[in-house]
Amino acid sequence: MRKRRGKRHAKERVKMSCELMVVCAVQLGENLCLYFAELECDAFSKEKTLHRFLRNVNSQVLVVQPDLNMAAFEDVTDQEMKSGSGMNFCMHCYKTTTPSAGMPVAFSVQVEDKSYYMCCEEEHGKMIVRFREGEVPKDIPGESNIIFFKKTFTSYSSKAFKFEYSLERGMFLAFEEEDSLRKLILKKLPREDEVDETTKITLTCLNERYNL
């Protein structure tokens, strides 16, 4: 297998055996969006950006409130959707060197005059979804905590999708009910082909319920 070298950000090279792989976590700009440069890895290059609303199985819309550090699926009015603040997502589609995993995508959303990107972070031993201020990069030379693999929800449900976290197989975007809210979470499924309605996400444009 041909080897690719990631960007080196250390002055000295670490000696290693052929079984080991050097991984270097690299900070992008001044935010906390990470990619991991390594000897053999995925590489992502942005191909296109689509504007979409994310709906759950109840047709509720995902709304991000950075000031409250919260993202949840809510019932919203058409007028609220027209404003788009915190809910009209940019879905950034990437080309990849390993397309078999699914289409790599990243999400960002505008709230007032600021842009926030979706990422996954570990907190108190648990993986959670966060929205950090900043822009998603055009090119990602290695694995990243902002990349999700877009997959068809089921073979007979081509209009709905599930999004698998790229750094942990079987971990999907989902929602859980908490204090009457349906909060956005990462959920581990025992099997990739398991049908779990909480991971079902439909992508729609303004004034439409389903996107063909």
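Residues numbered from 1 in each chain as written. Predicted model: local features only at pLDDT ≥ 70, side-chain atom pairs only at ≥ 80, totals over all residues. Heavy atoms only, no water.

1. A word on the environment of K188
Quick reminder of the rule: Strands here are runs of E lasting at least two residues and helices are runs of H or I lasting at least four, both read from the DSSP assignment and numbered beginning at the N terminus. Nitrogen and oxygen atoms within 3.5 Å of one another constitute a polar contact, given that in protein one can donate a hydrogen and the other can accept it, and given that sequence-neighbouring residues count only through two side-chain atoms.
Among the secondary structure elements, K188 is positioned in strand 15 (residues 181-188). Considering only alpha carbons, one finds K188 and L173, 15 residues apart in sequence, at a separation of 9.0 Å. In this structure the side chain of K188 is engaged in a polar contact, spanning 2.5 Å, whose partner is the backbone oxygen of R169.

2. As for the pairing of strand 12 (residues 148-154)
Let me state the cut-off plainly: Think of it in three bands: residues with accessible area under 20% of the maximum for their type are buried, residues over 50% are exposed, and the middle band is partly exposed, with areas taken using a 1.4 Å probe on protein chains only. Strand pairing follows a simple DSSP-based rule, namely that at least 2 bridges must link the two strands.
Counting buried residues along strand 12, six of its seven residues qualify, which places the element largely inside the surrounding structure. Judged from the three bridges that link them, strand 7 (residues 103-111) and strand 12 form a sheet pairing that is antiparallel. Directly across from V105, in strand 12, lies its bridge partner F148. Strand direction decides the pairing type here: strand 12 and strand 13 (residues 157-165), joined by six bridges, are antiparallel. If you follow T154 over to strand 13, its bridge partner there is S157.

3. Here we look at the packing of aromatic side chains
Note the following rule: By convention, a stacked pair of Phe, Tyr or Trp rings (six-membered ring in the case of Trp) has centres within 6.5 Å and planes under 30 degrees apart, an edge-to-face pair has planes over 60 apart, and any other such pair is tilted. Lysine and arginine charges are scored as sitting over a ring when NZ or CZ, respectively, is within 6 Å of the ring centre and within 35 degrees of the ring normal.
Following the criterion strictly, the structure yields six aromatic pairs and no others. Seen in terms of ring centroids, F89 and F107 are 6.3 Å apart; in terms of plane orientation they differ by 90°. Their pairing is edge-to-face. Pair noted here: F89 is in strand 6 (residues 89-96) and F107 is in strand 7, with a separation of 18 residues, a long-range link. Comparing F89 with F107, the two get one shared label, buried. Aromatic side chains F89 and F131 sit 6.2 Å apart centroid to centroid with 55° between the ring planes, which places their arrangement in the tilted category. Within this pair, whereas F89 is found in strand 6, its partner F131 is found in strand 9 (residues 126-133), the two being separated by 42 residues in sequence. The exposure class assigned to F89 is buried, which follows from its relative accessible area of 0%. Clustering of aromatic rings is evident, with ring pairs tying together F89, F107, F131, F148, F163 and Y165. Its guanidinium or amino end placed over the ring of F161, K150 lies 4.0 Å from that ring's centre, counting from NZ or CZ.

4. Looking at the confidence of the model for the protein
Our working definition: A score between 0 and 100, pLDDT records how confident the predictor is in each residue. We call two residues contacting when some pair of their heavy atoms lies within 4.5 Å.
Mean pLDDT for the protein: 82, with 77% of residues reaching 70 or above. A low-confidence stretch, residues 1-32 (pLDDT under 50), is modelled with 57 contacts involving residues beyond four sequence positions or located in other chains. A low-confidence stretch, residues 35-40 stays under pLDDT 50, and its non-local contacts, those more than four residues away or across chains, total 41 contacts.

5. What about the pairing of strand 16 (residues 201-204)?
Of the two faces of strand 16, the one holding I201 and L203 and the one holding T202 and T204 are both buried throughout. Pairing analysis gives three bridges linking strand 3 (residues 44-55) to strand 16, with the strands arranged antiparallel. Within strand 16, the residue paired with L54 across the bridge is L203. In this sheet, strand 16 lies alongside strand 13 in antiparallel orientation, the contact comprising two bridges. Pairing of A160 across the sheet is with T202, part of strand 16.

6. Considering unusual backbone geometry
Phi angles above zero are rare outside glycine, and N69 is one such case at about 55°. Here N69 shows up in the loop between strand 4 (61-65) and strand 5 (70-74). Among the residues examined, N69 registers a relative accessible area of 45% and is labelled partly exposed. The residue D179 is not glycine, and still its phi comes out positive at about 55°. Take D179: it is sitting in the loop between strand 14 (171-178) and strand 15. By relative accessible area, D179 is classed as exposed at 67%.

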